[in-house]
Amino acid sequence: MTPEEIPVQISQLPAQGLNLEVAEAGPAEGPLVILLHGFPDLWQGWHFQIEPLTTAGFHLLLPNLRGYGESDKPQGIAAYDLDRLAEDIVALADSQGRDKFYLVGHDWGGIVAWWVAARFPERIERLAVLAAPHPGIFKTYLLRHPMQILRSWYIGSFQIPWLPETLLRAKNYALLRKAVESTSLPGTFDESDWRYLIAGWSQPGALTGMLNYYRAIARRREASLRLPIPMPTLILFGRHDPAEEPGLAEASLAMCDRAKVVIMEEARHWIQREEAERVNEELVLFLTKVRED
């Protein structure tokens, strides 16, 4: 099934005075799972997970985060602070009348998921994070692991105003495509993926919104992000991720009360695509509480 064939309902849902484009699937009465995409992906990046999770009885919300796709794109770096991003997700759950929900995030969606769980622990049943460290350990880890500094060089380049947008937009997003391809296994992305990705990147203001995530978090002191994660947590990383060392997963355990790390031995950064069957198995077992904490 390609991203264009996913059986979902698309709507605009309110969140803190904004509207977020959200895909919805699964039985209306099922437990709520919110899945958060990363950079520079959109909600369609979860297309391999939708059928297994809905078959397991879950009701899914897959938002395009603020700044992405056809979701609203507020101006200013402060609008993309982690607190605002986390509050968006809680507002989505509120729009469904749900006090409790499950949360899954990849890459930047994983960082947002960590922060939702840290700030609103009473709302989260279980947390699953793919290819994203707890934001409260990242800068300290960089200081102790020079190779991770090399992997994260692009974060510094994104701090420059307007120039990264210009470079990423050039030649029909050639650099952005190269970044995706260089962090994934060969053949992970096909033309159906590029169609939805380029359509999303081309939305007015999207590139600036997407980059403002990096600009906003650079303004935060790490000490302000060191909040614990009390609920059961599953951390999935690819052994060969070019962007993030697996050691970041182990370091994130220090912030968790009940967490388990699973390393996908053949995967790179896009593990929900590269190891879809294994990821789906891990998620269904974890979210249905079959796996022991």
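To start, this report covers the structure provided alongside it.

How each quantity is defined
- Residues numbered from 1 in each chain as written.
- Predicted model: local features only at pLDDT ≥ 70, side-chain atom pairs only at ≥ 80, totals over all residues.
- Heavy atoms only, no water.
- Pairing = 2+ DSSP bridges.
- Helix = DSSP H or I, 4+ residues; strand = E, 2+ residues; numbered from the N terminus.
- Core = buried A, V, L, I, M, F, W, Y, C linked by side-chain atoms within 4.5 Å.
- Buried < 20%, exposed > 50% of the residue type's maximum accessible area, 1.4 Å probe, protein only.
- Phe/Tyr/Trp six-rings, centres within 6.5 Å; stacked < 30°, edge-to-face > 60°.
- Lys NZ or Arg CZ within 6 Å of the ring centre and 35° of its normal.

Looking now at the pairing of strand E1 (residues 9-15). Here E1 runs beside strand E2 (residues 18-25); their pairing, made up of seven bridges, is antiparallel. Residue pairing for E2: Leu 13 is matched across the bridge by Leu 20. Connecting the antiparallel pair E1 and E2 is a turn made up of two residues, with Gln 16 showing a positive phi of about 55 degrees.

As a further point, take the nonpolar core. Within the largest apolar cluster, 76 residues are counted, with the highest numbers of intra-cluster contacts made by Ile 89, Leu 103, Trp 108, Val 116 and Leu 127. When residues of this core are assigned to their parent elements, the largest contribution, nine residues, is made by helix H3 (residues 108-119). One finds Ala 25, Ile 50, Phe 58 and Met 264 within the second-largest nonpolar core, a separate group that totals 26 residues.

Attention now moves to the packing of aromatic side chains. Within the structure shown, the criterion is met by 14 aromatic pairs. Pairing Trp 108 with Tyr 213 gives two aromatic rings, centres 5.2 Å apart and planes at 80 degrees, and the pair type is edge-to-face. In this pair, Trp 108 is assigned in helix H3 and Tyr 213 in helix H9 (residues 206-218), connecting sequence segments 105 residues apart. Its relative accessible area of 5% is what places Trp 108 among the buried residues. Within the aromatic cluster, the residues linked to one another by ring pairs are Phe 39, Tyr 68, Tyr 80, Trp 108, Trp 153, Tyr 154, Phe 158, Tyr 213 and Tyr 214. Residue placement shows Arg 126 over the ring face of Phe 286; its charged tip is 4.9 Å from the ring centre. Directly above the ring of Trp 194 sits Arg 177, whose terminal nitrogen or CZ lies 4.2 Å from the centroid.

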